[in-house]
Amino acid sequence: YAAQDAARREEFALREQAQRLLSEVDQALAKAGKQLDKEEKRRIKADEADLRKLIDVRPAPFSRAKGSAVDAPAIREALSRLEQSSAHARELAGN
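In this text the structure is predicted, and so the values were computed from the model without any measurement. (Residues numbered from 1 in each chain as written. Predicted model: local features only at pLDDT ≥ 70, side-chain atom pairs only at ≥ 80, totals over all residues. Heavy atoms only, no water.)

Brief notes about the packing of helix 1 (residues 2-32) against helix 2 (residues 38-55)
Look at helix 1 against helix 2: their axes get within 11 Å of each other, and the N-to-C directions meet at 150 degrees. Classified by the angle their axes make, helix 1 and helix 2 are roughly antiparallel. Judged by the twist between their axes, the crossing of helix 1 over helix 2 is left-handed. From helix 1, Arg 15, Ala 18, Gln 19, Leu 22, Val 25, Asp 26 and Leu 29 reach across to helix 2, where they touch Lys 41, Ile 44, Lys 45, Glu 48, Leu 51, Arg 52 and Ile 55. Residue composition of the contact of helix 1 with helix 2, by class: seven nonpolar, one polar and six charged. (Axes fitted to C-alpha atoms, helices over the stretch in contact; angles between N-to-C directions. Helix = DSSP H or I, 4+ residues; strand = E, 2+ residues; numbered from the N terminus. Parallel < 35°, antiparallel > 145°, perpendicular 65-115°, else oblique. Left-handed = near helix turned anticlockwise from the far one by under 90°. Contact = heavy atoms within 4.5 Å. Nonpolar A, V, L, I, M, F, W, Y, C, P; charged D, E, K, R; others polar.)

Regarding helix 3 (residues 72-93)
In the structure, helix 3 departs most strongly from a straight axis at Ser 86, where the bend amounts to approximately 55 degrees. All of the buried residues in helix 3 are Ala 72, Ile 75, Ala 78, Leu 79, Leu 82, Ser 85, Ser 86, Ala 89, Arg 90 and Ala 93. Considering only its buried residues, helix 3 is in contact with helix 1 and helix 2. Of the residues flanking the end of helix 3, it is Gly 94, one or two places downstream, whose phi is positive at about 85 degrees. (Bend = angle between axes of the 7 residues up to and from the residue. Buried < 20%, exposed > 50% of the residue type's maximum accessible area, 1.4 Å probe, protein only.)

Notes on the environment of Ala 32
Along the chain, Ala 32 turns up in helix 1. A relative accessible area of 1% means that Ala 32 is categorised as buried. With 61 residues separating them along the chain, Ala 32 and Ala 93 place their C-alpha atoms 5.5 Å apart. When neighbours within four sequence positions are excluded, Ala 32 is seen to be in contact with Ala 89, Leu 92 and Ala 93.

Written out as structure tokens, the structure reads:
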């Protein structure tokens, strides 16, 4: 059960990190959205939607055969993309 517990902890930590970044990005867009060009804002919103789609999936019960229901590498990649695309907006907003 130790492996299952570790996978659940990792899943929880990833979801928490993603939710924290999504909140920062929402605040940054609200504060500095008008200072961004359309393409930059479009990229941020697309990356934000991708991350939301990945973390909004309700996890199925853990199964030894399946492993975790969450695609951790995909969430990490989406987090990285959103961090990069929203860096300028978060900087302008002071986040």
